[in-house]
Number of protein chains: 2
Amino acid sequence: MADASKRPTIVTVAGLAGVSISSASRVLNGHSARPDTISRVRTAAAQVGYVPHMAAQNLKSRRTGQIAFAVENIANPTYVAMVQAIEDVLGPNGYRLVLHSTKADAGSEVEILRDLRRRYVDGLVISPIRVTEAHLREFAQTSAPVVVIGTLPEPANVGTVSVNSAHGVSLAVRHLVEQGCRRIAFLNGPVDSVPGTARLRGYHNGLTAHAPDATGALVQTAADFSVDSGTAAMGQLLARETPDAVICANDLLAIGAMQAVRAHSLSVPDHIAIVGVDDTYLAELVHPALTSVSLHARKRGRLAAELLLERIADPTLPVRSITVEPDLLIRASSRPVSRG
Amino acid sequence: MADASKRPTIVTVAGLAGVSISSASRVLNGHSARPDTISRVRTAAAQVGYVPHMAAQNLKSRRTGQIAFAVENIANPTYVAMVQAIEDVLGPNGYRLVLHSTKADAGSEVEILRDLRRRYVDGLVISPIRVTEAHLREFAQTSAPVVVIGTLPEPANVGTVSVNSAHGVSLAVRHLVEQGCRRIAFLNGPVDSVPGTARLRGYHNGLTAHAPDATGALVQTAADFSVDSGTAAMGQLLARETPDAVICANDLLAIGAMQAVRAHSLSVPDHIAIVGVDDTYLAELVHPALTSVSLHARKRGRLAAELLLERIADPTLPVRSITVEPDLLIRASSRPVSRG
DNA sequence: AAACGTTCGGGAAACGTTTCCAGAACCTTG
DNA sequence: CAAGGTTCTGGAAACGTTTCCCGAACGTTT
């Protein structure tokens, strides 16, 4: 309480140690100095409990030690996985994570990009669900390094970490064909989203490549990528078709679909096999465990963070793009069953 | 690209507008000025795309517009709910969220508390899973407002938002007794954690209050609050007891327990009713849907954020403590079944 | 038209650091 | 011991704002 009066600054320390401010600063930053000076400054600092003021350091050093991650909806386990991976890279490198929720609103994403100019953060990782013209404009003149997790319609001045999700879905098609499925439906999210279009393409590719003799495309679109939308959309699909397998554009939709199947007194996988995409931890939680296409969210998060730090360390470096290959994780929801 | 040379500062703007720096600053902050001056500064600012530099503002204003949330493990849906709620309060108030992962390490929590002195945030919300002496020491001399989500062993100079989780568990006991259960077990998390002890107490209270004629306490402790630990612990419990109901200290443990029950070829709720705690969104995802004690995570997050902002706005305010009452949400995992 | 009150604008200090520069102190070497 | 080179130090500028203070300009009132 004696020191409640005033926060000690480096001036306090320098005065107490009987040295100049510059010497105090040097010692505190570990630069070379006479042993005598070092110990005087150190004890003075300890005595008053000196802690440098971040804002002042930021102003001087022109860096903040913070990076931002802008994400559509932190409730989606895919993004949680990315957050974890990003934090794991950031922490050891002395960076803090600022989290932004965009609620899938392109406007607020652009807002965040624009806000980078205030330099409250040294860089940004963003995973936009749709990429608009406005995004591309801001990417072009961004004032801090940006890494996009996702796919861009055209090259831009940002690093990207993308995944061949189309191929992932086609892996799922092949797997289901091998299980003997002949009426393989696709339960998509919004088609105007980047993941939506890619995954749909993968479905079509997969069908032509692996199931030339199967029933044609059976596509149902959900309102968004949530569980409830999955249930609703699966209900609609079942009202008009009788698929023996459904590939869902993500795990949440798949879980919703499983609930709808159950509500129709059908069984997974006996009547209908279900496959999700993203391989979130939910896939192992539900029963039957969900076969899912892993898009390696953690790995993408890690790579994005690494790409960003690399670029922050040397902004003259050219932007890099990395692509990750998907994998199919087969679980009970699509296991071999007696059929036909 | 013409402006690639140099970031415009307020000096640039003032020069271009032909006014002093102070006038430029005043206009840009919406203070009074002659219409003429206002428009000159505004157009100059727009022309060069001036954006104020946060670090400089922070240094001058002694605030950052950031608050931190320190959380054990962002993968736990309870914390995700809190993050969402906190963000919902912060955003409209112009604050950003800095997320810290502590990995349930008391040391790193204390580290974060200590780091508050660097004033990189204006306040902190923390949800410690254990509260050590070191925590209390740091709370006592914290240099920025802190709100704890959880219960403290003794009053401290921090706001708190707690929940009567013991009562919540005893609600669950009563409910199960009403369902006709007589051998009600409790699957706890680590007993040295704050939630662990409180919930165990609720279990014992509930038994004596609502089930005087039931079998005595059947307690099994899990290594942590995760799904896998739940499966393992439930396996151990089933190896030595035959409960007809199990209350789990959180939803993750409950989901793990359900998997173990299934692995033993038993059915939920026919053979064993299961109840979780936290009422995360997972409760509605699994099958059968999980009965769970809601501890109102979102509400607690919101309240914590509000308490914090209140205290930041006026630090002379005395700290407040709020307690939230739990509710039981009955779902299929504990529905009435034919029994004895 | 003088006296007063109000609004407005500019200079300069301040926020707390880091770093450049030049001079002082030290050590080495011939 | 002088000359040379290192190492160390203190002064001062700089980072980009906001704000205090005071004088200038303006408008009102007698």
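Criteria and cut-off values
- Residues numbered from 1 in each chain as written.
- Chains lettered and ligands numbered in written order.
- Predicted model: local features only at pLDDT ≥ 70, side-chain atom pairs only at ≥ 80, totals over all residues.
- Heavy atoms only, no water.
- Helix = DSSP H or I, 4+ residues; strand = E, 2+ residues; numbered from the N terminus.
- Rg over C-alpha atoms; globule rule 2.2 N^0.38 Å.
- Buried < 20%, exposed > 50% of the residue type's maximum accessible area, 1.4 Å probe, protein only.
- Areas by Shrake-Rupley, 256 points an atom, 1.4 Å probe, with all protein chains shown as cover.
- Lys, Arg positive; Asp, Glu negative; His and termini not counted.
- Charge placed at Lys NZ, Arg CZ, Asp CG, Glu CD.
- Contact = heavy atoms within 4.5 Å.
- Salt bridge = Lys/Arg side-chain N within 4 Å of Asp/Glu carboxyl O.
- Polar contact = N/O pair within 3.5 Å; in protein donor to acceptor, adjacent residues only side chain to side chain.
- Nonpolar A, V, L, I, M, F, W, Y, C, P; charged D, E, K, R; others polar.
- Phe/Tyr/Trp six-rings, centres within 6.5 Å; stacked < 30°, edge-to-face > 60°.
- Pairing = 2+ DSSP bridges.
- Right-handed = clockwise from strand over helix to strand, strands pointing away.
- Domains from an automatic or database assignment.
- Core = buried A, V, L, I, M, F, W, Y, C linked by side-chain atoms within 4.5 Å.
- Expected span 1.5 Å × (residues − 1).
- Axes fitted to C-alpha atoms, helices over the stretch in contact; angles between N-to-C directions.
- Parallel < 35°, antiparallel > 145°, perpendicular 65-115°, else oblique.

1. Looking at the overall build of chain A
Secondary structure summary: chain A contains 13 helices and twelve strands in total. In terms of overall size, chain A is more extended than a compact globule, its C-alpha atoms giving a radius of gyration of 26 Å where 340 residues would be expected to give roughly 20 Å. Along the longest, intermediate and shortest principal axes, the C-alpha atoms of chain A span 90 × 40 × 30 Å. Out of the 340 residues in chain A, the part that is buried amounts to 54%. When the accessible surface of chain A is summed, it comes to about 14,200 Å², and 52% of that surface belongs to carbon and sulfur atoms. With 33 positive and 30 negative side-chain charges, chain A shows a spacing of 9 Å between the two charge centroids.

2. Overview of the interface of chain A and chain B
Contacts between the two partners involve 42 residues from chain A and, on the opposite side, 43 residues from chain B. At the junction of chain A and chain B, the tally comes to two salt bridges. The closest approach of N and O atoms between K103 of chain B and D88 of chain A, which form a salt bridge, is 2.9 Å. Applying the counting rule to chain A against chain B returns 21 residue pairs in polar contact (both at pLDDT 80 or more). Within the residue set of the side of chain A that touches chain B, elements represented by two or more residues are α4 (54–61), α5 (77–90), β2 (96–101), α11 (251–263) and α12 (282–285) of chain A. Within the side of chain A that touches chain B, the residues separate by chemical class into 21 nonpolar, eleven polar and ten charged.

3. Focus on the packing of aromatic side chains
All names here are of chain A. Under the defined criterion, the tally for this structure stands at two aromatic pairs over all chains. Taken together, a centroid distance of 5.1 Å and an interplanar angle of 15 degrees make the contact between F186 and Y203 stacked. Taken together, the residues F186 in strand β6 (residues 184–188) and Y203 in helix α9 (residues 194–210) connect sequence positions 17 residues apart.

4. Structural notes on the side chain of R300 of chain B
You can see R300 of chain B is positioned in helix α12 (residues 297–313). In this structure, R300 of chain B is buried with no salt-bridge partner, the nearest side chain bearing the opposite charge being D278 of chain B at 4.6 Å.

5. Some details on the pairing of strand β3 (residues 123–126) of chain A
Residues and elements named next belong to chain A. In β3, alternate side chains face the same way, and those of G123 and V125 on one face and L124 and I126 on the other are all buried. The pairing of strand β1 (residues 66–71) with β3 spans four bridges and is parallel. Pairing of F69 across the sheet is with V125, part of β3. Bridging between β3 and strand β4 (residues 146–149) involves three bridges; their strand directions are parallel. Its bridge partner lying in β4, I126 is registered against V148. You can see the chain leave β3, run along helix α7 (residues 133–140) and come back into β4, and the turn it takes is right-handed.

6. Some words on the environment of V125 of chain A
With respect to the secondary-structure elements, V125 of chain A resides in strand β3. Residues contacting V125 of chain A, with those up to four places away along its chain left out, are I67, A68, F69, A70, I86, V147, I149, A304 and L308 of chain A.

7. A look at the domain arrangement of chain A
Much of the literature gives interface size as the accessible area that the parts lose upon coming together. Domain parsing of chain A yields domain 1 (2–52), domain 2 (63–163 + 297–326) and domain 3 (165–295 + 328–334). Placing the centre of domain 1 of chain A and that of domain 3 of chain A at their C-alpha centroids yields a distance of 63 Å.

8. Things to note about the pattern of salt bridges
Residues and elements named next belong to chain A. Within the structure shown, the criterion is met by 24 salt bridges over all chains. Between D36 and R40 there is a salt bridge whose closest N-O contact spans 3.0 Å. Here D36 and its partner R40 are both found in helix α3 (residues 35–48), four residues apart, which amounts to about one turn of the helix. For D36, a relative accessible area of 38% translates into the label partly exposed.

9. Looking at the nonpolar core
Judged by nonpolar contacts, the single largest core of 160 residues is most densely connected at F69, M234 and I274 of chain A together with F69, M234 and I274 of chain B. Setting aside anything within four residues of it in sequence, one finds I274 of chain A in contact with V246, C248, A254, A257, M258, V261, V268, L290, T291, S333 and S334 of chain A. Membership of the second largest hydrophobic core comes to 37 residues, among which are A70, Y120 and V158 of chain A together with V121 of chain B.

10. A closer look at helix α11 (residues 251–263) of chain B
Side chains of residues three or four places apart in an α-helix project in the same direction, reflecting 3.6 residues per turn. Residue and element names in this part refer to chain B. In a regular helix each residue adds 1.5 Å, so 13 residues correspond to 18 Å; α11 covers 18 Å between its end C-alpha atoms and thus fits that length. Burial of α11 is extensive: ten of the 13 residues sit out of reach of the surface. The complete set of buried residues in α11 reads D251, L252, L253, A254, I255, G256, A257, M258, A260 and V261. Looking at where α11 begins, the residue whose side-chain oxygen comes 3.2 Å from the main-chain nitrogen of L252 is N250. Immediately beyond the C-terminal end of α11, within one or two residues, lies S265, with a positive phi of roughly 55 degrees.

11. Quick word on the sheet that holds strand β5 (residues 159–163) of chain A
In space, the twelve strands of this open sheet follow the order β11(A)-β5(A)-β4(A)-β3(A)-β1(A)-β2(A)-β2(B)-β1(B)-β3(B)-β4(B)-β5(B)-β11(B), with mixed pairing throughout. Either end of the sheet is taken by a strand with one partner, and the two such strands are β11 (321–324) of chain A together with β11 (321–324) of chain B. The sheet shows a mean angle of 20 degrees between the axes of neighbouring strands, taken without regard to direction. Two strands pair when backbone bridges link them, and β4 of chain A and β5 of chain A are joined in this way by three bridges, in the parallel orientation.

12. Describing the packing of helix α2 (residues 21–28) of chain B against helix α3 (residues 35–48) of chain B
All names here are of chain B. Orientation of α2 relative to α3, taken along the N-to-C sense of each, is 85 degrees, at an axis distance of 9 Å. The orientation of α2 with respect to α3, classified from their angle, is roughly perpendicular. Note on element contacts: α3 touches α2 through T37, I38, V41, R42 and A45, opposite S23, A24, V27 and L28. Split into classes, the residues belonging to the contact of α2 with α3 amount to six nonpolar, two polar and one charged.

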